[in-house]
Amino acid sequence: MTKNDWLRWPTREALGREGISRNRRRLAWVTRLLVLGMLLWGAVSSEPPRGWDSALAVGGVLCAALLAWALYRTTFQHRLWPSAALLLLLQGLAVAGQAAGFRVPALVLWCGCAITALERMPLSAALPMSVVALGSYAVVDDDPLLTTTVTSVGLALAGYVLRLDAEARGNAQRLLAQERAARAAEAESGALAERARIAREIHDVLAHSLSAQLVHLEAARLLIERGADRDRILERVVAARGMARDGLAETRQALSALRGEMSPLEDYLSEIVGATDDGGVTITGERRPLSAEASQAVRRVAQEALTNVRKHAPGAKVQVRLDYSEHQVTLDVRDSGGSVGELTGMGGGYGLLGMRERAELLGGSLDAGPDEKGFVVTLRVPT
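Just so we're clear, the structure is a prediction, and the values are computed from it rather than from any experiment.

Asks: Would you mind showing me how to read the pairing of strand β4 (residues 365–370) here?
Replies: Side chains on a regular strand alternate between the two faces of the sheet. Judged from the six bridges that link them, β4 and strand β5 (residues 375–382) form a sheet pairing that is antiparallel. Bridging from a neighbouring strand, P370 pairs with F375 of β5. Adjacent in sequence and paired antiparallel, β4 and β5 are bridged by four residues.

Asks: Just checking my understanding: could you explain the packing of aromatic side chains for this structure?
Replies: Note on aromatic pairs: each is described by the distance of the centres and the angle between the planes. Enumeration over the complete set of coordinates arrives at zero aromatic pairs. A cation over a ring is seen here: R12 above F76, with NZ or CZ 5.8 Å from the ring centre.

Asks: Can you help me understand unusual backbone geometry in this one?
Replies: Residues apart from glycine generally show negative phi values, whereas peptide bonds are mostly found in trans. Although it is not a glycine, H78 adopts a positive phi angle of roughly 60°. Of note, H78 is situated in the loop between α4 (52–76) and α5 (80–99).

Asks: Would you take a moment to explain the nonpolar core for this structure?
Replies: In globular proteins that are soluble, nonpolar side chains generally tend to be buried together. Judged by nonpolar contacts, the single largest core of 28 residues is most densely connected at L269, L322, L331 and L379. Ranked by residues supplied to this core, first place goes to helix α11 (residues 292–312) with seven residues. Dropping the residues within four chain positions of it, L322 is found in contact with L265, L269, T282, I283, T284, V298, V329, T330 and L331. By size, the runner-up hydrophobic cluster in this structure holds 27 residues, among which are W9, A114, A133 and Y137.

Asks: What should I look at first to understand the packing of α5 against helix α7 (residues 123–140) in this one?
Replies: A pair of packed helices is captured by two measures, namely the crossing angle of their axes and the spacing between those axes. Relative orientation of the contacting elements α5 and α7 amounts to 5°, with a least axis distance of 11 Å. As the angle between them shows, α5 and α7 are arranged roughly parallel. Two secondary-structure elements touch here, α5 through L80, A84, L87, L88, Q91 and Q98 and α7 through A125, M129, V132, A133 and V140. Tallied by class, residues from the contact of α5 with α7 come to nine nonpolar, two polar and no charged.

Asks: Where do I start with the side chain of E119 in this structure?
Replies: With respect to the helices and strands, the residue E119 is situated in helix α6 (residues 103–120). Among all residues touching E119, those that are not within four sequence positions of it are P10, L15, G159, L162 and R163.

Asks: Please explain the environment of L86 as it appears in this structure.
Replies: With respect to the helices and strands, L86 occurs in helix α5. In sequence terms L86 and L67 are 19 residues apart; their C-alpha atoms lie 6.4 Å from each other. Those residues in contact with L86, other than ones at most four positions away along the chain, are L67, A70, L71 and T74.

Asks: What is the right way to look at the environment of Y268 in this model?
Replies: Along the chain, Y268 turns up in helix α10 (residues 265–274). Accessibility expressed as a relative area gives 3% for Y268, which makes it buried. As for Y268 and R299, which are separated by 31 residues in sequence, their C-alpha atoms are 7.7 Å apart.

Asks: Help me understand the pairing of strand β3 (residues 328–335) in this model?
Replies: β3 sits mainly inside the fold: six of its eight residues count as buried. Taken together, the seven bridges between strand β2 (residues 318–324) and β3 define a ladder with antiparallel strand orientation. Within β3, the residue paired with L322 across the bridge is L331. Linking two consecutive strands that pair antiparallel, namely β2 and β3, is a turn of three residues. Direction of pairing for β3 relative to β5: antiparallel, over a ladder of seven bridges. When the sheet's bridge partners are listed, D332 is paired in β5 with T378.

Definitions and cut-offs
- Residues numbered from 1 in each chain as written.
- Predicted model: local features only at pLDDT ≥ 70, side-chain atom pairs only at ≥ 80, totals over all residues.
- Heavy atoms only, no water.
- Pairing = 2+ DSSP bridges.
- Helix = DSSP H or I, 4+ residues; strand = E, 2+ residues; numbered from the N terminus.
- Phe/Tyr/Trp six-rings, centres within 6.5 Å; stacked < 30°, edge-to-face > 60°.
- Lys NZ or Arg CZ within 6 Å of the ring centre and 35° of its normal.
- Core = buried A, V, L, I, M, F, W, Y, C linked by side-chain atoms within 4.5 Å.
- Buried < 20%, exposed > 50% of the residue type's maximum accessible area, 1.4 Å probe, protein only.
- Contact = heavy atoms within 4.5 Å.
- Axes fitted to C-alpha atoms, helices over the stretch in contact; angles between N-to-C directions.
- Parallel < 35°, antiparallel > 145°, perpendicular 65-115°, else oblique.
- Nonpolar A, V, L, I, M, F, W, Y, C, P; charged D, E, K, R; others polar.

In structure tokens form, the structure reads like this:
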């Protein structure tokens with residue numbers, strides 16, 4: 001036992017009533033009433049009550065009950081000196097009761113002081129108080145020495161066992177409170193993560209959609225500046241309108257995906273690659289369902305890569321390969337290169353940076369750069 005154990009109070013959870021069952025509380029009140037009744041009986045049964053003596057005896061019992069209640073309050077508040085003073089007052093009341101001929105109430109008070117001190121006070125203060133109380137009990141008690149000794153040791157052990165029981169209950173209450181706090185924090189963290197996830201999905205969808213619209217609108221502007229015919233300009237404007245419509249559809253799809261309602265990844269890739277000329281999709285490995293986050297990352301990277309191909313290398317052939325390995329899924333989007341697009345210098349180039357951050361959040365990686373013919377984007381996401 002360390003020095004801190006000698007100076008440490010039982011926790012307030014241990015000294016309080018929280019965590020005590022209703023039946024146990026009822027039993028505690030019945031016990032208190034029995035002890036109070038025994039004190040009253042002992043006070044008046046030693047000899048017939050006579051005048052002021054009976055009133056004095058009843059007053060002493062009520063005073064002892066009030067001091068005991070105050071002791072429970074000060075020990076709960078961890079106030080050492082008031083608690084010690086109240087214990088001394090109770091023991092002094094026992095001495096007065098013994099001197100006045102009320103032997104049984106005095107013995108009960110000394111035993112109660114010893115048990116309460118061991119149960120509710122730091123051991124460094126409880127042991128001297130208990131020694132004084134049990135020593136007074138042993139001196140006054142007229143039972144054989146062995147009986148008195150066994151009774152005193154039993155009372156001391158009873159007080160310490162009650163202390164251990166209270167501390168165990170207090171520890172259980174603290175653990176329960178910590179578990180509730182952890183669950184609340186986990187729920188709050190989950191809500192924040194879900195909000196961030198929704199915001200990231202909507203941002204990616206809108207960034208892709210608006211970037212694609214900007215490609216066509218900027219092309220329309222260039223055509224107007226060069227005096228192109230009306231049909232070519234109208235074609236670009238209609239394409240931008242189609243991109244806006246597709247963006248709304250993708251937003252709805254992203255929200256559906258967040259609710260767990262999404263089309264198979266292979267079908268989605270075939271659909272978006274089929275919208276481009278000379279595109280193809282290859283699936284390798286054993287197909288298996290992915291988490292919503294991993295599936296969305298593959299979808300968004302494929303979208304961004306195809307948008308970049310249309311923007312920087314119009315007319316290039318695109319090959320998409322989705323490979324399922326044991327611990328990860330790999331998306332490889334490569335183009336064959338083509339003529340430099342009119343809109344190559346447009347935009348800040350943050351699309352792939354956002355995709356790389358998304359991949360890293362999932363524990364994966366994203367590589368993008370030129371190869372011998374065109375440009376390659378490779379996403380790896382753990383499954």
